[in-house]
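One-letter residues, chain by chain:
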Amino acid sequence: MPHRKEAGPVGLVKKKFFTFCEPPHEMVLEGGGRLGPITVAYETYGKLNRDRTNAILILHALSGDSHAAGKYSADDKKEGWWDATIGPGKAFDTDRYFVICSNVIGGCQGSTGPSSVNPATGRPYALSFPIITIGDMVQVQRHLVDHLEIERLFAVAGGSMGGMQALQWAVTFPDRVLASIPIATTAKHSPQQIAFNQVGRAAIMADPNFNDGEYYGKAVPKDGLALARMVGHITYLSDDSMHEKFGRRLRGKKTLGYSFNLDFEVESYLRYKGDAFVSRFDANSYLYITKAIDYFDLTLPSGALAKSLEKVKSKFLVVSFKSDWLYPPYQSKEIVKALMVNSVDITYCEIDSRYGHDAFLMDEGEMPKIVKNFLENVAARNGIAAPAAGA
Amino acid sequence: MTMQGSRIDYSVILDLIPAGAKILDLGCGDGSLLSQLVQAKGVTGRGIEISEEGVHACIAKGLTVLQGDIDGGLRDYPDRSFDYVILNQTIQAVKKPDVVLSEILRVGGKGVVGIPNFAFWRFRFFLLFNGRMPKTDFLPYEWYNTPNIHFCSVLDFDEYCRKNAIAVERRICLSTERGGRVLRGVRPNLFAESAVYLLSKK
């Protein structure tokens, strides 16, 4: 029986590392490159049950990392990026499930990426890092799941780029995923989505400090990266949520400045978000990860998504948000249709949120409840036991 | 569109559907009928529901449900994807009942369609004596806010099936009076408050 208790925090958590694919056994990437050794940074919350069948892999979006929930130390100001959904009694209930989240390759929060030192040269890879894809990210996660001795994941779940990985998992490893939860995502990146990513990349590459990516140990292309992030943030919000959040309110002044200094709240918000991003994110990682997203097209090779999804065995919960104009509901519906054609057990929900793409990260709203109910029912039907208490 | 009180129509539909069948319930609401079918008949069930609240309630019941509208919502299903497609007390709210009916018999082997009978004597009396649009517990809406846009009578529906090569395998006329009962007497068009049809292609 599902237990009803107050949702709580996961508490203090630790980042862990796993290294594999040591040369000469490098991983061959989808784009043809080779990469090794590969280190993957990950965190886990909750406990595995005796059969090792209660693991959920959480998949992060463009700017996310392995720190999905909890705090590293009591002094941390903020919890992990999806703390709203991960913890005892929450959607991804850590009293029942063993939750894993890893940083994608190409990232900059502990997993091997362009800012990592290439052991062959003793210097950061920078742009000599091979091009990676969503499929490569998933292959790396599969190594981690093997390392954790998990034969089949109970669920994979993520929003945005995380949703792409959730789809990819169900396609590449149909026997290793019981349930897939792609949220606010698409099966292939649209021209509009590619265009926004290209603006971000162009901003980084146009920064005088970019230096063909060879900026490590020197001044970083922070203006370019901040600009990329500002454009990104506009696409994550909605017209409605911007009205609500900022309106035309002025920042730190009572009257218009009649200058090019910041006047409006929205301007200073974007400036703040851009600057904050620069302190935690690597510009080259932004290039590599956005490129991986742009290359994502599950309809290949046939051009028909339904054909690509033929071998899928997982159950699906697909969620979209009405006001999400970056990953609009029609893209989720295309996934739903293609799964339907293949008689996949699929539930689809289009949430009436006003908060645009960002809605999938928010504490409030219906999404966590839906996910919780869905998981509880799938777990019950498939005899997925909770771990023994105190074990 | 949810009928309040006794659900005689549910028990009639439960009797019509064989155990283990593959079912699609169009306009499944909060999933009450579908979950009864899953529990009592072990069907493989799927619902389509337009309201977010309905979808959430279905998910909480552990049902497989797609949020979407019925008009055009069946287009993507291959022929004969289901043994039975249910459209219970919903046909009056769809934009194109004729298209939906033909889609039901394309994607399903059989259709189970429950209609409110607009020729029910109380409706006739209401209009005749009050001169106002009929309202009942079962159809409680005002003319300006009703989601119900395509009413028909039992006779109308019979005729539609005849003209469109739809075989009526069963027609069960219902009254919600006295806790809900099946009518076996004459003049169903006058005395039935609703009717459940079991349909197939001729």
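How each quantity is defined
- Residues numbered from 1 in each chain as written.
- Chains lettered and ligands numbered in written order.
- Predicted model: local features only at pLDDT ≥ 70, side-chain atom pairs only at ≥ 80, totals over all residues.
- Heavy atoms only, no water.
- Salt bridge = Lys/Arg side-chain N within 4 Å of Asp/Glu carboxyl O.
- Buried < 20%, exposed > 50% of the residue type's maximum accessible area, 1.4 Å probe, protein only.
- Helix = DSSP H or I, 4+ residues; strand = E, 2+ residues; numbered from the N terminus.
- Axes fitted to C-alpha atoms, helices over the stretch in contact; angles between N-to-C directions.
- Parallel < 35°, antiparallel > 145°, perpendicular 65-115°, else oblique.
- Left-handed = near helix turned anticlockwise from the far one by under 90°.
- Contact = heavy atoms within 4.5 Å.
- Nonpolar A, V, L, I, M, F, W, Y, C, P; charged D, E, K, R; others polar.
- Pairing = 2+ DSSP bridges.
- Right-handed = clockwise from strand over helix to strand, strands pointing away.
- Domains from an automatic or database assignment.
- Buried area = accessible area lost by both parts, 1.4 Å probe.
- Polar contact = N/O pair within 3.5 Å; in protein donor to acceptor, adjacent residues only side chain to side chain.

Participant: How do you make sense of the pattern of salt bridges when you look at a structure like this?
Facilitator: Residue and element names in this part refer to chain A. In total, this model carries 24 salt bridges over all chains according to the counting rule given. Across the salt bridge formed by K222 and D223, the nearest N and O atoms sit 3.7 Å from each other. The exposure class assigned to K222 is partly exposed, which follows from its relative accessible area of 45%. Judged by relative accessible area, D223 falls into the exposed class, the value being 52%. Where salt bridges share partners, they join R142, D146 and R176 into one cluster.

Participant: Explain unusual backbone geometry here, please?
Facilitator: A negative phi angle is the norm for most residues apart from glycine, just as the trans form is the norm for most peptide bonds. Residues and elements named next belong to chain A. In the segment running from G36 into P37, the intervening peptide bond is cis, with an omega of 0°. By the element assignment, P37 lies in the loop between β3 (34-35) and β4 (38-45). With a phi angle near 55°, N211 is a residue other than glycine that sits in the positive phi range. The residue N211 is located in the loop between α3 (191-206) and α4 (222-236) in this model. According to the relative accessible area criterion, N211 is partly exposed, its value standing at 42%.

Participant: Would you mind going over the packing of α3(A) against helix α7 (residues 283-295) of chain A with me for this structure?
Facilitator: The description of two helices packed together rests on the angle between their axes and the distance between the axes. All names here are of chain A. The geometry of α3 relative to α7 is characterised by a closest axis approach of 10 Å and an angle of 160° between their N-to-C directions. As the angle between them shows, α3 and α7 are arranged roughly antiparallel. Relative to α7, the crossing made by α3 is left-handed. Note on element contacts: α7 touches α3 through A283, Y286, L287, T290, K291, I293 and D294, opposite Q193, I194, N197, G200, R201, I204 and M205. Residue composition of the contact of α3 with α7, grouped by class: 7 nonpolar, 4 polar and 3 charged.

Participant: For this particular structure, what's the right way to read the pairing of strand β12 (residues 177-183) of chain A?
Facilitator: On a regular strand, one side chain projects to one face of the sheet and the next to the other, so that they alternate. All names here are of chain A. Of all 7 residues that make up β12, 7 are buried, and the element is covered over most of its length. Judged from the 6 bridges that link them, strand β11 (residues 153-159) and β12 form a sheet pairing that is parallel. Of the residues in β12, the one forming a bridge with A157 is I181. In this view, the connection linking β11 to its parallel neighbour β12 by way of helix α2 (residues 161-172) has right-handed handedness. One ladder, built from 3 bridges, connects β12 with strand β13 (residues 315-321); its direction is parallel. Note that in β13 the partner of S180 across the bridge is F316.

Participant: What should I look at first to understand the domain arrangement of chain A in this one?
Facilitator: How big an interface is tends to be expressed through the accessible area that disappears when the partners come together. Residues and elements named next belong to chain A. Domain boundaries assigned for chain A yield domain 1 (16-188 + 296-381) and domain 2 (195-289). Put simply, the middle of domain 1 and the middle of domain 2, counted by C-alpha atoms, are 26 Å apart. The interface of domain 1 with domain 2 comprises 28 residues on the first partner and 25 residues on the second. It is L62, L127 and W325 that lose the most area in domain 1 upon contact with domain 2, and together they represent 27% of the buried surface on that side. One can count 3 salt bridges joining domain 1 with domain 2. Seen at the junction of domain 1 and domain 2, the total is 15 residue pairs in polar contact (both at pLDDT 80 or more). The residue makeup of the side of domain 1 that touches domain 2, split by class, is 16 nonpolar, 9 polar and 3 charged.

Participant: Even after reading the chapter, I still don't get the packing of helix α1 (residues 134-147) of chain A against α2(A), so can you show me in this structure?
Facilitator: Residues and elements named next belong to chain A. Contact pair α1 / α2: the axes reach a minimum separation of 9 Å and the direction vectors enclose 70°. When the axis of α1 is compared with that of α2, the two are roughly perpendicular. Considering only the axes of α1 and α2, their crossing is right-handed. Here I134, G135, M137, V138, Q139, Q141, R142 and V145 of α1 lie close against α2, whose contacting residues are M161, M164, Q165, Q168, W169 and T172. Looking at the contact of α1 with α2 residue by residue, the class counts come to 7 nonpolar, 6 polar and 1 charged.

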